Amino acid sequence: MDNKPVKQNEPLVKHIYTADPSAHVFEGKIYIYPSHDIDHGGPTNDTGDQYAMEDYHILSIDDLNSPAVDHGQALHMKDVPWVSKQMWAPDAAFKNNTYYLYFPARDKDGIFRIGVATSSRPEGPFKPEENYMEGSYSIDPAVFVDEDDRAYMYFGGLWGGQLAQWQTGEFLANVDEKDGPAADAPAMGARVVELSDDMLSFKGEVKEISIVDENGKPIVAGDEDRRYFEGPWMHKYNGYYYLSYSTGSTHKLVYAMSKNPEGPFEYKGTILTPVLGWTTHHSIIQYQDKWYLFYHDCSLSGGIDHLRSVKFTEIQYNEDGTIQMLDYDNLK
Ligand code: FUB
């Protein structure tokens, strides 16, 4: 492990590849829950077979003058009875004096589901539940605990994330993963569901989130610069809920705002222009009196798409609550 203090826009760690950072402030420190990218001889395709991750390592930073610590393996897929492969982007939450790790993976039928594991410590190790969360599907869970203690899970991803195959509420294996609404029809939305008080199951029904433009018109499927693709994140700032996400095929991190955690959300703009690498995935946290974006790119691996590294950078809000766009080319 590197003993140098973390620096903005540099890999947090260099001894392993990490991606899809979900950052949280727990116990006064920053904890990062990333995917753990590995190299392998398998295929690369739009289904995402190149992302063949098998376990999770949790990172922490005592403060911004300290090195990032890798706490070692917190959960491996061999310890999760329902998982067959591909432990993708996780998130964590704290409630009931317990830390919860939420993670997507393929079940034994090859269908992406979302599981949960618990620990008394933010860095784990985490003990998984026997089965995936009932009613869960697709990828990229992000769990937000609101000020009133209600918890919501945001999730869903296009293409390899299988959202297209769930449009009827059932998994349709014969639907092509790139199918979806017509280019001029409302785009497929991320999903949101309230979690039960014990954080282990879905409390309500899964709802599709609507993202609209400044005139209240739904963002359409053909609007690839603005439509939802994957990697949702929720944060709250000055009473507004910010749903931020990746636009996938156009490689941006963008955001939309609402007064309601379940939307509808009004599209507002770009947070980060495309990084080096196909995927872009993030989280946003307040640490002390500043706000930070955690993101990944492929700079450490020299551009290999499935070998990514987590970085962070400060973000700024304008007076009206909008976020100032960051140009990736200026972050280096
Ligand atoms: O890391 C695997 C997948 O790539 C994630 O689930 C997506 O958000 C994308 O980053």
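In this text, all values refer to a predicted model and were calculated from it rather than measured experimentally.

Engineer: Can you walk me through the environment of Asp320 in this structure?
Structural biologist: Among the structural elements, Asp320 can be located in the segment after strand 21 (309-315). The exposed category is assigned to Asp320, whose relative accessible area is 55%. Distance from Asp320 to Leu163, taken between C-alpha atoms, is 33 Å for residues 157 residues apart in sequence. Within the structure, the side chain of Asp320 is placed 2.6 Å from the side chain of Thr322, a separation counted as a polar contact.

Engineer: So what exactly am I meant to see when it comes to the sheet that holds strand 3 (residues 55-61) here?
Structural biologist: Strand pairing within a sheet occurs via backbone hydrogen bonds; the two strands may be parallel or antiparallel. One open sheet holds the 4 strands; their spatial order is 1-2-3-4, and the pairing between them is antiparallel. Because the sheet does not close on itself, it has two edges, and the strands there are strand 1 (17-26) and strand 4 (68-76). Sheet twist, expressed as the average angle between the axes of neighbouring strands with direction ignored, equals 25 degrees. Direction of pairing for strand 1 relative to strand 2 (residues 29-37): antiparallel, over a ladder of 8 bridges. Residue pairing for strand 2: Tyr17 is matched across the bridge by Asp37.

Engineer: How should I be thinking about the nonpolar core in this particular structure?
Structural biologist: The nonpolar side chains of soluble globular proteins are, as a tendency, buried together. If you look at the biggest cluster of nonpolar residues, it comprises 37 residues, and the most contacted ones within it are Tyr154, Ile211, Leu272 and Leu293. No other element matches strand 17 (residues 253-258), which puts 5 residues into this core. Membership of the second largest hydrophobic core comes to 23 residues, among which are Ile114, Leu163, Trp166 and Met199.

Engineer: Got a minute to help me understand the pairing of strand 8 (residues 112-119) in this structure?
Structural biologist: A regular strand places its side chains so that they alternate between the two faces of the sheet. Burial analysis of strand 8 places 7 of its 8 residues in the buried class, which makes it a mostly covered element. Bridge count for strand 7 (residues 98-107) against strand 8 is 8 bridges, and the pairing is antiparallel. Looking at strand 8, one finds that Arg106 is bridged to Phe112. Direction of pairing for strand 8 relative to strand 9 (residues 127-128): antiparallel, over a ladder of 2 bridges. Bridge assignment links Thr118 to a residue of strand 9, and that residue is Lys127.

Rules behind the numbers
- Residue positions are given per chain, counted from 1 along the sequence in the order it is written.
- Confidence filtering applies because this is a predicted model: local features only for residues at pLDDT of at least 70, side-chain atom pairs given and counted only at 80 or more, and all residues used for totals across whole chains, interfaces and linings.
- Processing note: side-chain calculations cover all non-hydrogen atoms of the structure and skip hydrogens and water entirely.
- Numbered from the N terminus, helices here are DSSP runs of H or I no shorter than four residues, and strands are runs of E no shorter than two.
- Relative accessibility thresholds used throughout: buried, under 20% of the residue-type maximum; exposed, over 50%; partly exposed, between the two (1.4 Å probe, protein chains only).
- We define a polar contact as two N or O atoms separated by no more than 3.5 Å, with the added condition that, inside protein, one atom must be a possible hydrogen donor and the other a possible acceptor, whereas residues neighbouring each other in sequence contribute only through side-chain atom pairs.
- A pair of strands is treated as paired once DSSP finds two or more bridges between them.
- To define axes, lines are fitted to C-alpha atoms, for helices over the stretch in contact only, and angles between the resulting N-to-C directions are given on a 0 to 180 degree scale.
- We define the nonpolar core as a collection of buried residues of types Ala, Val, Leu, Ile, Met, Phe, Trp, Tyr and Cys that are connected through side-chain atoms lying within 4.5 Å of one another.

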